[in-house]
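Chains, contacts and geometry: an overview
In case you want the letters, here they are:
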Amino acid sequence: MIAEMIHAASLVHDDVIDHADTRRSKPSINKLWGQRKAVLTGDYILSQASMALARIGNEKVIILLSQVLEDLVKGEFMQLGTKESENQRFAHYLDKTYKKTASLIANSCKAVAVLSNSSSEIQEVAFQYGRNLGIAFQLVDDLLDFVSTAEVLGKPAATDLKLGLATAPVLFAAQQV
């Protein structure tokens, strides 16, 4: 539940940052209530997730999921910048993708392994599984944003391109030129 709350809050904040009017074919919170209330809604969801996390009382899990919050913010800042060389741009994209998307899944998977008293080896396997799943999810999401329509996506299409963000499809296309 905590991971879902963090994810929901990040989507509310993303819609504000991206000026998105829809989410899953429905009006976004910022479209319905304005940016200020949307930001506060995202913050409130995060505060409730933090309270639930504190109630778990497992220091290692608290640290893991607190890392997710830090990574989300760092990933947003990374999205504001680019790198000069092609190799640096793709490495930057993967690092940003880990922070904005895969960290949540990776650290949540590891937190479950910690709570189930799994060995450190299983905890690492859970983390790597979540990391790879998160990066794969974002690669597919970025591709769909590039090739699909708003009707199919349930959110505006080509948003990343309109915002000037270098996603995997754009970086691969740039290499082909």
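For the coordinates displayed, the defined rule picks out three aromatic pairs. Residues Tyr-98 and Phe-127 carry aromatic rings whose centres are separated by 6.4 Å and whose planes lie at 55° to one another, so their mutual orientation is tilted. With Tyr-98 in helix H5 (residues 86–115) and Phe-127 in helix H6 (residues 120–147), this pair connects stretches of sequence that are 29 residues apart. Here Tyr-98 matches Phe-127 in class, with each residue buried. Cation over ring: Lys-110 sits above Phe-127, and NZ or CZ is 5.8 Å from the ring centre.

Moving on, we come to the layout of surface pockets. The space that makes up the largest pocket amounts to roughly 990 Å³. Contributing to the lining of the largest pocket are 40 residues, with Ser-10, Leu-11, Asp-14, Lys-100 and Gln-138 lying nearest its centre. Sorting the residues of the lining of the largest pocket by element identifies helix H1 (2–18), strand E1 (22–23), helix H4 (59–79), H5, H6, helix H7 (150–153) and helix H8 (159–162) as the ones contributing at least two each. The biggest single contributor to the lining of the largest pocket is H1, with eleven residues.

Between H1 and helix H3 (residues 35–56), whose axes approach to 9 Å, the crossing angle comes to 165°. With respect to H3, the axis of H1 lies roughly antiparallel. Viewed along their axes, H1 and H3 form a crossing whose handedness is left-handed. Where H1 approaches H3, its residues Ile-2, Met-5, Ile-6, Ala-9, Val-12, His-13 and Val-16 are matched on the opposing element by Gln-35, Ala-38, Val-39, Gly-42, Asp-43, Ile-45, Leu-46, Gln-48, Ala-49, Ala-52, Leu-53 and Ile-56. Looking at the contact of H1 with H3, its residues break down into 14 nonpolar, four polar and one charged.

Procedures and definitions
Residues numbered from 1 in each chain as written. Predicted model: local features only at pLDDT ≥ 70, side-chain atom pairs only at ≥ 80, totals over all residues. Heavy atoms only, no water. Phe/Tyr/Trp six-rings, centres within 6.5 Å; stacked < 30°, edge-to-face > 60°. Helix = DSSP H or I, 4+ residues; strand = E, 2+ residues; numbered from the N terminus. Buried < 20%, exposed > 50% of the residue type's maximum accessible area, 1.4 Å probe, protein only. Lys NZ or Arg CZ within 6 Å of the ring centre and 35° of its normal. 1 Å grid on protein atoms, 1.4 Å probe; cavity = no way out; pocket = protein on both sides within 12 Å on 5 of 7 lines; lining within 4 Å. Points joined across faces, edges and corners; volume = space filled by probe spheres on them. Axes fitted to C-alpha atoms, helices over the stretch in contact; angles between N-to-C directions. Parallel < 35°, antiparallel > 145°, perpendicular 65-115°, else oblique. Left-handed = near helix turned anticlockwise from the far one by under 90°. Contact = heavy atoms within 4.5 Å. Nonpolar A, V, L, I, M, F, W, Y, C, P; charged D, E, K, R; others polar.

Any functional reading would require information beyond the geometric quantities listed.
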